[in-house]
Amino acid sequence: MTGLQAPRGTRDILPEEQMYWQTLETQACQILERAAYRQICTPIFEQTALFERGIGEATDIVGKEMYTFSDRGQRSLTLRPEGTAGVVRAYIEHGLHQQGGVQRLWYTGPMFRYERPQSGRYRQFHQLGVEVLGSGDARADVEVIALAFDILKGLGLADLTLMLNSVGDRSDRSDYRQALIDYLTPYRQDLDKDSQERLDRNPLRILDSKDARTQEIAQAAPKLLDFLSPDSQEHFQRVKTYLDQLGIAYTINPCLVRGLDYYTHTAFEFQSRSLGAEATVCGGGRYDHLVTELGGPETPAIGWAMGLERLILLLQQQSSSPTTNLDFYLVSRGETAEQQGLILAQHLRHRGFRVEMDLSGSAFGKQLKRADRSGAPGCLIIGESEAAAATVQLKWLAQGQQTVVSQGELLTLDLRSHLDQAREFATEQSTSDAP
Ligand code: ATP
Ligand code: MG
């Protein structure tokens, strides 16, 4: 097969990268579960109407980014471009609101958007997100922001800025919308092409434009914050006070408007300066009207989503390559030796050790070189004479110590503490080798 490649905008996640993904998911999961969040999985494709209603026809996502197709039964389906609409659909469909109280949910998985691919921007990408359904309390806003903050900080990401804004409620926004249109209309010809279109359909999104001239015009536009009702102002004030109390710093950014129609009140983003143009690693906000929009009961809600590829890029930039967690590399040569090796590897794995078995049958020298490169602290060697005596050479690669033990006895040794010692030795050596 020649010429077959992964589709444009998609990427393979090769084994070398998996450690980063696992670290990310394990740490996020721990932090979320400590705050009583429970995982939910929804389908990767949904009825197209869900996204049209839940995200809004005037948004970039619905307007030009969706992967929509009809199946063999002529149903219009769409690969999910984001996670919230599906989670809210499931929340309504399964009556999770009838369980009473607040639902705290998290999800992770691939999302699909037809975008112009570039570093940190793909057509298939992964998000991890949370949704809190059933509370309009400002503490919920701050809880989810604090969780995102802890996850990002736990990954060792420095250089992060939390951008914060309030987009008020629908009535605040309809007053503002008109003021914005009045301000922008004289500049229509100076706006970038997308923004000219948005002027009629979704003027708030113009504030979010990445075009330099449009940004300049937007800077002097009326501010949504000046249009907030007293209730909206009070909610925003509480959010800011609670963030201060938790010691989470933020920058108010009046141009921060999320692209989706259902957002209300709090809008926020975490950005990293190390990422260049695609700087936002996490975006979220309150969406008090989405549940009713999709046919459920009135339910205030808030959530965020993180772009995992962008986090992985940051993790890769800042840390050396992740180390292997292999315990033993098993080398054998000759029919009987190979059979014994197969059995020994199995026994060790059943006892919880990570064992890689060399399958090449090549000369010992070659197999031992691979053992060195594998990063395993221990090497197990079975040749013809060991096979005849049912023994194995146990070699600690960093120390260069080698002993012969019977294969049965090997399983009774305290291999764990030997492995710990070998790893400690290897670390000491690598730090003392450093210039
Ligand atoms: P942008 O303005 O960068 O297009 P967005 O507003 O479309 O972002 P959201 O829908 O809020 O982004 O998605 C949340 C996060 O998911 C983003 O902050 C980003 O980290 C990530 N993300 C969004 N689109 C992509 C993509 N095409 N490729 C990789 N990550 C993405
Ligand atoms: Mg986008």
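The shown structure was predicted, so the numbers you read here are calculated from the model rather than taken from an experiment.

### Notes on the nonpolar core
Formed by 43 residues in total, the largest nonpolar core has its most connected members in F270, W304, M306 and L311. Per-element accounting of this core gives the leading share, ten residues, to helix α5 (residues 138-154). Counting 28 residues, the second-largest nonpolar core is a separate cluster that includes A85, M111, F125 and Y263.

### Digging into helix α8 (residues 212-219)
Within an α-helix, residues lying three or four positions from one another point in the same direction, as the helix has 3.6 residues per turn. Among the residues of α8, T214, I217 and A218 are the ones counted as buried. Each buried residue of α8 sits inside an arc of 100° when the element is viewed along its axis, so together they form one side. Structural note: α8 exposes A212, E216 and Q219 on the side pointing more than 90 degrees away from its buried face. The inward-facing, buried residues of α8 abut α6 (170-184) and α7 (193-201). For α8, the side-chain oxygen to backbone nitrogen distance between the N-cap and R213 is 3.3 Å, and the N-cap itself is D211.

### Some points on a negative patch on the surface
Taken together, the side chains of D414, D420, E424 and E428 present a region of like negative charge at the surface. Within the element layout of this structure, D414 appears in the loop between α15 (407-410) and α16 (415-433).

### Comments concerning the pairing of strand β3 (residues 67-70)
Two elements, β3 and strand β4 (residues 76-79), share four bridges in a ladder whose sense is antiparallel. Residue pairing across strands places T68 opposite T78, the latter belonging to β4. Here β3 folds back onto β4, and the loop between the two strands holds five residues, one of which, Q74, carries a positive phi near 60°.

### Regarding the sheet that holds β4
The strand order across the open sheet built from three strands is β2-β4-β3, with neighbouring strands paired in antiparallel fashion. Among the strands making up the open sheet, the edge pair consists of β2 (45-47) and β3. Across the sheet, the axes of successive neighbouring strands diverge by a mean angle of 35°, strand direction being ignored. Taken together, the three bridges between β2 and β4 define a ladder with antiparallel strand orientation. Bridge pairing in β4 places E46 opposite T78. Of the strands in this sheet, β2, β3 and β4 are in contact with helix α2 (residues 48-55), which crosses β2 at around 80°.

### Quick notes on the domain arrangement of the protein
When the parts come together, some accessible area is lost, and that loss is often what is quoted as the size of the interface. Its domain assignment divides the protein into domain 1 (15-169 + 229-318) and domain 2 (328-433). Taking only C-alpha atoms into account, the centre of domain 1 sits 47 Å from that of domain 2.

### Some remarks on unusual backbone geometry
Trans peptide bonds make up the majority, and among non-glycine residues the majority have a negative phi. The backbone of A36 sits at a positive phi, close to 70°, despite the residue not being glycine. Among the structural elements, A36 can be located in the loop between α1 (15-34) and β1 (38-39). Unlike most non-glycine residues, H265 shows phi in positive territory, near 50°. Among the secondary structure elements, H265 is positioned in strand β9 (residues 264-272).

### Concerning the environment of L77
Looking at the element boundaries, L77 is found in strand β4. When residues no more than four places from it in sequence are discounted, the contact partners of L77 are F45, E46, Q47, T48, Y67, T68, F69 and D71.

### Quick look at the packing of α1 against α5
In contact at an axis separation of 10 Å, α1 and α5 are set at 145° when each is read in the N-to-C sense. The two elements α1 and α5 meet at a crossing, and its hand is right-handed. Between α1 and α5, the residues in contact are Q27, A28, I31 and L32 and L147, D150, I151 and G154, respectively.

### Regarding empty space enclosed by the protein
Tallying each qualifying case throughout the model produces one cavity of 30 Å³ or more. Approximately 30 Å³ is the volume attributed to the largest cavity. In terms of lining residues, the largest cavity is bounded by T10, R11, I13, Q124, H126 and E309. Looking at the lining of the largest cavity, its residues break down into one nonpolar, three polar and two charged.

### As for helix α4 (residues 84-93)
Among the ten residues that make up α4, nine are buried, leaving the element largely enclosed by the rest of the structure. Within the span of α4, buried status applies to T84, A85, G86, V87, V88, R89, A90, Y91 and I92. Residues of α4 that are buried sit in contact with β2, α2, β5 (103-112), β6 (124-133) and α10 (290-293). Taken from the residues just after α4, G95 is the one with a positive phi, measuring 60°.

### Considerations on the environment of R173
Among the structural elements, R173 can be located in helix α6. Sequence separation of R173 and P254 is 81 residues, and the distance between their C-alpha atoms is 13 Å. At a separation of 2.9 Å, a polar atom in the side chain of R173 contacts the main-chain carbonyl oxygen of Y263.

Definitions and cut-offs
Residues numbered from 1 in each chain as written. Chains lettered and ligands numbered in written order. Predicted model: local features only at pLDDT ≥ 70, side-chain atom pairs only at ≥ 80, totals over all residues. Heavy atoms only, no water. Core = buried A, V, L, I, M, F, W, Y, C linked by side-chain atoms within 4.5 Å. Buried < 20%, exposed > 50% of the residue type's maximum accessible area, 1.4 Å probe, protein only. Helix = DSSP H or I, 4+ residues; strand = E, 2+ residues; numbered from the N terminus. Arc of directions from axis to C-beta. Contact = heavy atoms within 4.5 Å. Polar contact = N/O pair within 3.5 Å; in protein donor to acceptor, adjacent residues only side chain to side chain. Patch = residues over 30% accessible without salt bridge, like charges linked within 9 Å, V, L, I, M, F, W, Y side chains within 5 Å. Areas by Shrake-Rupley, 256 points an atom, 1.4 Å probe, with all protein chains shown as cover. Salt bridge = Lys/Arg side-chain N within 4 Å of Asp/Glu carboxyl O. Lys, Arg positive; Asp, Glu negative; His and termini not counted. Charge placed at Lys NZ, Arg CZ, Asp CG, Glu CD. Pairing = 2+ DSSP bridges. Axes fitted to C-alpha atoms, helices over the stretch in contact; angles between N-to-C directions. Domains from an automatic or database assignment. Left-handed = near helix turned anticlockwise from the far one by under 90°. 1 Å grid on protein atoms, 1.4 Å probe; cavity = no way out; pocket = protein on both sides within 12 Å on 5 of 7 lines; lining within 4 Å. Points joined across faces, edges and corners; volume = space filled by probe spheres on them. Nonpolar A, V, L, I, M, F, W, Y, C, P; charged D, E, K, R; others polar.

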